[in-house]
Amino acid sequence: MKNFSDLTQREILAIAISSEEEDSRIYTSFAEELADRYPATSQVFREMAAEEDGHRRQLLEMYQARFGANLPAIRREDVKGFLSRRPTWLVKNLPLETIRRQAEAMETDAQRFYVKAAETAQDVGVRKLLGDLAAVESSHREKANSLSEAILTESAREAESHTAHRFFVLQYVQPGLAGLMDGSVSTLAPLFAAAFATHNNWSTLLVGLAASIGAGISMAIAEALSDDGTLTGRGAPLIRGAVTGLMTTAGGLGHSLPYLVPGSWPHAFWTATSIAGVVVFFELWAIAFIRARYMDTPFLKAVAQIVLGGAIVLAVGVLIGGA
């Protein structure tokens, strides 16, 4: 890799040309990715892609006038500390805010490059062009805002806000809730069966940890393999799997950790069991609330499904453990 200070004027222009070309393609990719979910924002990115392509033509004309038709095979990745970007635009179903932040980072990087390149340029024409492009890049946020105001009408913003909420539910709330329900409910029976069978806090804790972590791993794998999110719009499978797995584990750990109460304490078993019972009560009501809030389930129906079902599972565990 080369240091920026070692670049020739020809190489600087070549990097600028390839950078503008790539940025135009990235904005086009963003536009295509958002076309179905956020058509108005997609149009904004198409406008920005067209502007980047215009910059590329300006730079290419300047290069051809100074150095001819042959471009050196050098890209920004070949320069130390320059414009290192994660290829997030290759990922499907990115959240809208992630795409916007990526676009802002691209414009900031481009503006910084043009300022630095203009300072090193010896040719007056090249220096002026690079300086002008630096000013354009620094004003791109205002350009994006003006495009947004023209394209993102109030009705379009409301539609996109509704779409964003729907995708948030599909990509995060739904898998997280599924994990929380599974972890909170499915681990009740083995945990309380172990508790009432052994009356030993440490043994019960180990069973709870095993059940919680095991369920978390199982649910994470199942969710990640369920679909790739391309057709359903449910987001990246690895993210969904991670959310589901973590929430499953958290749901089980909530009523397992009370059994950390030392066995040397007076009435240690009943103290831990009482705390675990209170935790279960709040867990089940929290799940019912989330279902009512995000899944459009009537609250009383959610209570009947979750709280009553959890109570039955808990009772089964107690009965089996006490048998």
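Residues numbered from 1 in each chain as written. Predicted model: local features only at pLDDT ≥ 70, side-chain atom pairs only at ≥ 80, totals over all residues. Heavy atoms only, no water.

Draft legend 1. Structural view of the packing of helix α7 (residues 188-198) against helix α8 (residues 201-226). The geometry of α7 relative to α8 is characterised by a closest axis approach of 9 Å and an angle of 165 degrees between their N-to-C directions. Taken together, the axis directions place α7 and α8 in an arrangement best described as roughly antiparallel. Here α7 and α8 pass one another in a crossing that is right-handed. Taken together, the residues of α8 that come into contact with α7 (itself represented by Pro190, Leu191, Ala194, Ala195 and Thr198) are Ser203, Thr204, Val207, Gly208 and Ala211. Among the residues making up the contact of α7 with α8, the classes are represented as 6 nonpolar, 4 polar and no charged. (Axes fitted to C-alpha atoms, helices over the stretch in contact; angles between N-to-C directions. Helix = DSSP H or I, 4+ residues; strand = E, 2+ residues; numbered from the N terminus. Parallel < 35°, antiparallel > 145°, perpendicular 65-115°, else oblique. Left-handed = near helix turned anticlockwise from the far one by under 90°. Contact = heavy atoms within 4.5 Å. Nonpolar A, V, L, I, M, F, W, Y, C, P; charged D, E, K, R; others polar.)

Draft legend 2. Inspection of the pattern of salt bridges at higher detail. This model, assessed by the stated rule, comprises 5 salt bridges. For Arg56, the salt bridge is made with Asp53, and the minimal N-O distance between the two is 3.0 Å. Residue Arg56 and its partner Asp53 are located together in helix α2 (residues 39-67), separated by 3 residues, close to a single helical turn. Relative accessible area serves as the criterion here: at 19%, Arg56 is assigned to the buried category. Between Arg57 and Asp53 there is a salt bridge, with the nearest N and O atoms lying 2.7 Å from each other. One end of the pair is Arg57 and the other is Asp53, both in helix α2 and 4 residues apart, which spans about a single turn. Judged by relative accessible area, which is 24%, Asp53 ranks as partly exposed. Members of the salt-bridge network, linked through shared partners, are Asp53, Arg56 and Arg57. (Salt bridge = Lys/Arg side-chain N within 4 Å of Asp/Glu carboxyl O. Buried < 20%, exposed > 50% of the residue type's maximum accessible area, 1.4 Å probe, protein only.)

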